[in-house]
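# A look at the structure
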Amino acid sequence: AGRGGAPPGPAGDAAVAPRRPRVAVLLSGGVDSAVALHLLLRGGEYEVVAFYLKIWLEDELSHLGECPWEDDVAVCRRLCADAGVPLETVSLQDEYAETVLAYTVAEAGAGRTPNPDVLCNRRVKFGTFLEYLDRRPAGTGFDRVASGHYAAVLPPRAGDGDRGGVYRLGRGADPVKDQSYFLSTLTQRQLARALFPLGRYTKPEVRALATELGLVNSGRPDSQGLCFLGKVKFEQFLESYLGTREGDIVDASTGDVVGRHRGIWFHTVGQRKGLGRSMEVHANAHGPWYVVAKDPARDVVFVSNRYHEGEFERDRSEFEVEDVHWIAGRPDLLAHDRPVRLDMKIRHGPRIVAGTLALAAGGDAGGRVVLEDPDGGLAPGQFVAFYRPDDPAAECLGAGVIGDGHWLRFTEEGREGKMPPRAGTDNSGGENGAVL
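A brief report on the enclosed structure follows. (Residues numbered from 1 in each chain as written. Predicted model: local features only at pLDDT ≥ 70, side-chain atom pairs only at ≥ 80, totals over all residues. Heavy atoms only, no water.)

Okay, the overall build of the protein chain next. Each helix and strand in the protein chain was counted, giving 10 helices and 17 strands. Counting over 436 residues, the protein chain shows a buried share of 53%. Once local pairs closer than 6 in sequence are excluded, the contacts in the protein chain between residues at least 24 apart make up 70%. Put simply, the protein chain shows about 19,600 Å² of open surface, and 51% of that area lies on carbon and sulfur atoms. (Helix = DSSP H or I, 4+ residues; strand = E, 2+ residues; numbered from the N terminus. Buried < 20%, exposed > 50% of the residue type's maximum accessible area, 1.4 Å probe, protein only. Contact = heavy atoms within 4.5 Å. Areas by Shrake-Rupley, 256 points an atom, 1.4 Å probe, with all protein chains shown as cover.)

This is how it looks when you write it as structure tokens:
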């Protein structure tokens, strides 16, 4: 049950100690989750059990490279043995494949930019895993789920009144490591049972704690990339499921063909790195080029070497947002049907941008965002997280998905004959591509 619990009462003591809340800690083998485990043990307030979730795809991806997950499990076993904490391993591979993997492949195949980590938190770590815990026999269930995310569950705001039972999400104290973006689609039920012990710590402080505690993984580097891929590159993963399907790379200003791509799913808006090898030699001399839009219907990738000039300012500053989700219900500052200033994150990282959100008439599901300063790449499919502005608690209000609307001027021009016709093949999974 974990060290640090209250000692038993004296013999014959009739008082029964109150039951400590049972916490399932998600352990990955990394430093963050290991320190989170020890912080929960330190106060003796909780009965702690560690869980390692199997969500990797060893059979499907084994041909792409080495599998590092055995190392993760071995580290978790050592950490739990040293801490005196039970470790359970739960396989959620099928559930992951049916939700996160299917979503990732479908979005990428449609030319959009998916974020599997956002969906993984809602549908797997705080979704199917919570359901698994709730199906356990009586007496073996858990009150809370803890993770090593840099985020916080905030207390009710002053003036919430009868909303005192509302759970709110806050940014982590470390602006670089803050992971509220990845948690921005959690529901009230999920947030009510979530614990984020690292919320008030910075990454250097967590590293120092790991060293102080003598953790076996204190010097282990942070994992990079998507949790289910391990060392497999995302481009390799996409090719294994979607194959390749060539098409034109078109100068968005002139309509000239300036290169050929292997598949629209290998490119995202704002991309510069890696684009040169797909460009014609004469075009490369006039770079750098950036991806500005895609037309999935014609397999066209639009690029520009003037992306940071006025011609594209609107494409980098305004976008439609869809599938808006509010963590604690529609925020009070959106009570009126007019554009409201919010802080936003377009992607994970320290950068917070200001802008306005105008919800569509008749509902909360969508709207339009106008940023105060142009962004480096507004890619349809990306999540945008909304934050209460000028808020010391840094509350994350919820999130939405960037829609396809700001691509329309490129795709419509193509259909009116101002751009080259679609380059050739059908949409049956690509050449040598596996269909999910």
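A general feature of soluble globular proteins is that nonpolar side chains tend to end up buried together. With 36 residues, the main nonpolar core has Phe-51, Phe-129, Leu-169 and Phe-196 as its most contacted residues. Residue assignment for this core shows that the elements contributing at least two residues are β1 (22-26), β2 (47-54), α4 (93-109), α5 (116-134), β16 (383-387) and β17 (395-402). Per-element tally for this core: the top contributor is α5, with eight residues. (Core = buried A, V, L, I, M, F, W, Y, C linked by side-chain atoms within 4.5 Å.)

It is worth spelling out the sheet that holds strand β10 (residues 290-295) at this point. Ordered in space as β9-β8-β11-β10, the four strands form an open sheet in which the pairing is mixed. What marks the edges here is a single partner per strand, and that holds for β9 (257-261) and β10. Pairwise comparison of adjacent strand axes, ignoring direction, gives a mean angle of 30° for this sheet. When strand β8 (residues 247-251) meets β9, the two strands line up antiparallel, connected through four bridges. Bridge pairing in β9 places Ile-249 opposite Gly-259. (Pairing = 2+ DSSP bridges. Axes fitted to C-alpha atoms, helices over the stretch in contact; angles between N-to-C directions.)

This brings us to the sheet that holds β1. Ordered by their spatial adjacency, five strands build an open sheet running β3-β2-β1-β4-β7, and the pairing between neighbours is parallel. A single partner strand is all that each edge strand has here, and the edge strands are β3 (87-91) and β7 (194-195). The pairing of β1 with strand β4 (residues 144-146) spans three bridges and is parallel. The residue bridging Val-23 from the neighbouring strand is Arg-144, located in β4. Helix-sheet contacts for helix α1 (residues 31-42) involve β1, β2, β4 and β7, and the interaxial angle to β1 is about 165°.

A covalent bond between the sulfur atoms of two cysteines is referred to as a disulfide. Evaluation of the coordinates by the stated rule reveals zero disulfides. Considering cysteine sulfurs only, Cys-76 is the nearest to Cys-80, which forms no disulfide, with 6.5 Å between them. (Disulfide = S-S within 2.5 Å.)

Quick look at the side chain of Gln-190 now. As for its placement among the helices and strands, Gln-190 is situated in helix α6 (residues 188-192). Accessibility expressed as a relative area gives 6% for Gln-190, which makes it buried. Residues within four places of Gln-190 in sequence aside, it is in contact with Arg-122, Phe-126, Gly-127, Leu-130 and Thr-185.

Now for the pairing of strand β6 (residues 168-171). Across four bridges, strand β5 (residues 151-154) lies against β6 in antiparallel orientation. Bridged to Val-153 within β6 is Leu-169. Bridge count for β6 against β17 is two bridges, and the pairing is antiparallel. What sits directly across from Gly-170, in β17, is Glu-395.

Quick look at the packing of aromatic side chains now. Any pair of aromatic rings gets described here by the distance separating the centres and the angle formed by the planes. This model, assessed by the stated rule, comprises 11 aromatic pairs. For the pair Phe-51 and Phe-129, a centre-to-centre distance of 5.3 Å together with 65° between the ring planes defines the contact as edge-to-face. One end of the pair, Phe-51, is in strand β2; the other, Phe-129, is in helix α5, with 78 residues separating them in the sequence. Summarising the aromatic geometry, the rings of Trp-265 and Phe-266 are spaced 6.2 Å apart at their centres and angled 65° between planes, so their arrangement reads as edge-to-face. Assessed through its relative accessible area of 7%, Trp-265 is described here as buried. (Phe/Tyr/Trp six-rings, centres within 6.5 Å; stacked < 30°, edge-to-face > 60°.)

Our next topic: the pattern of salt bridges. Within the structure shown, the criterion is met by 32 salt bridges. Here Asp-248 ties to Arg-260 by a salt bridge, and the two come within 2.8 Å at their closest N and O atoms. Remark: Arg-260 occurs in strand β9 and Asp-248 occurs in strand β8; sequence separation between them is 12 residues. Exposure remark for Arg-260: the relative accessible area of 38% places this residue in the partly exposed category. Between Glu-318 and Arg-368 there is a salt bridge, with the nearest N and O atoms lying 2.9 Å from each other. With Glu-318 in strand β12 (residues 318-326) and Arg-368 in strand β15 (residues 367-371), this residue pair connects regions lying 50 residues apart in the sequence. With a relative accessible area of 26%, Arg-368 lands in the partly exposed category. Three or more residues joined by partner-sharing salt bridges are found here, namely Asp-32, Lys-177, Lys-203, Arg-207 and Asp-222. (Salt bridge = Lys/Arg side-chain N within 4 Å of Asp/Glu carboxyl O.)

Turning our eyes to something else, we now look at the environment of Gly-139. Here Gly-139 shows up in the loop between α5 and β4. Residue Gly-139 is classed as exposed on the basis of its relative accessible area, which comes to 70%. Considered as a pair, Gly-139 and Arg-22 are 117 residues apart in the sequence and their alpha carbons are 10.0 Å apart.

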